[in-house]
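Secondary and tertiary structure notes
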Amino acid sequence: MSLLEEDYTFGIAVDQVLATQKPGATVVTNWSTSHMLQDIASAHHANLRRAPTGEVYTATEAAHYSAAIAGEGSCAGVIDPRVGMGRDVLRSDLAYSGRAGLQDKAPHGGGGGIAPVL
């Protein structure tokens with residue numbers, strides 16, 4: 001069970017990476033990823049490039065434009081060029097855990113919950 005939808009996972013990763021970049025950084029994603037990425041890129045004064053759907057197209061465009069981060073929100077696939085040009089689930093998880101605030105109490109007495117950041 002996922003606590004966070006795919007588009008949000010990628011959006012959080014993009015927001016985190018762009019926060020460390022100078023204005024003008026490039027993000028590459030596919031055409032089926034949420035418009036939310038445009039809003040995040042704009043907020044960081046970054047460029048958003050869209051590629052055809054498919055990891056190979058996204059990775060190729062990311063390499064061509066020297067992207068700070070790339071990926072496909074439709075599958076929570078984060079491509080961090082510093083790590084490699086394939087989707088990296090661990091990178092997605094680290095981005096989420098690094099930005100999410102843990103609540104003190106979860107509803108109904110359960111363990112700690114995760115408060116969405118977006």
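So, here is what we can say about the structure in this document.

Bringing the overall build of the protein into the picture now. Of regular secondary structure, the protein possesses four helices and six strands. Taken across its 118 residues, the protein has 42% of its residues classed as buried. Long-range pairs, those at least 24 residues apart, make up 44% of the contacts in the protein with a sequence separation of at least 6. Accessible area for the protein stands at about 6,700 Å²; split by element, carbon and sulfur atoms hold 53% of it.

Positionally, T29 belongs in strand 1 (residues 26–30). A polar atom in the side chain of T29 sits 2.8 Å from the side chain of T33. Not counting residues within four places of it along the chain, the set of residues in contact with T29 comprises F10, L48, R49, R50, A51, T58, G71, E72 and G73.

What follows covers unusual backbone geometry. Positive phi outside glycine occurs at H45, with the angle close to 55°. The phi dihedral of S66 is positive, around 50°, even though this residue is not glycine. The residue S66 is located in the loop between helix 3 (55–64) and strand 3 (69–72) in this model. The class of S66 is exposed, set by a relative accessible area of 63%.

Attention shifts here to the pairing of strand 3. Burial of strand 3 is two-sided: the residues I69 and G71 facing one way and the residues A70 and E72 facing the other way are all buried. Here three bridges tie strand 1 to strand 3, and the two strands are oriented parallel to one another. By the bridge assignment for strand 3, V27 is matched with I69. Two strands pair when backbone bridges link them, and strand 3 and strand 4 (residues 77–79) are joined in this way by three bridges, in the antiparallel orientation. Among the inter-strand pairings, G71 is bridged to a residue of strand 4, identified as V78.

If you look at the biggest cluster of nonpolar residues, it comprises 16 residues, and the most contacted ones within it are V14, L18, V27, L37 and I69. Of all the secondary-structure elements, those providing two or more residues to this core are helix 1 (6–18) and helix 2 (36–43). Here the element with the most residues in this core is helix 1; it accounts for five residues. With sequence-adjacent residues up to four places away left out, V27 is seen in contact with V14, L18, L37, N47, L48, R49 and I69. Within the second largest apolar cluster, seven residues are counted, among which are V28, A51, A62 and A67.

Read across the open sheet, the four strands follow the order 2-1-3-4; overall the sheet is mixed. Only two strands of the sheet have a single partner each, and these edge strands are strand 2 (47–51) and strand 4. Each neighbouring strand pair of the sheet contributes to a mean axis angle of 20°, computed without reference to strand direction.

Criteria and thresholds
Residues numbered from 1 in each chain as written. Predicted model: local features only at pLDDT ≥ 70, side-chain atom pairs only at ≥ 80, totals over all residues. Heavy atoms only, no water. Helix = DSSP H or I, 4+ residues; strand = E, 2+ residues; numbered from the N terminus. Buried < 20%, exposed > 50% of the residue type's maximum accessible area, 1.4 Å probe, protein only. Contact = heavy atoms within 4.5 Å. Areas by Shrake-Rupley, 256 points an atom, 1.4 Å probe, with all protein chains shown as cover. Polar contact = N/O pair within 3.5 Å; in protein donor to acceptor, adjacent residues only side chain to side chain. Pairing = 2+ DSSP bridges. Core = buried A, V, L, I, M, F, W, Y, C linked by side-chain atoms within 4.5 Å. Axes fitted to C-alpha atoms, helices over the stretch in contact; angles between N-to-C directions.

Any functional reading would require information that these geometric values do not contain.
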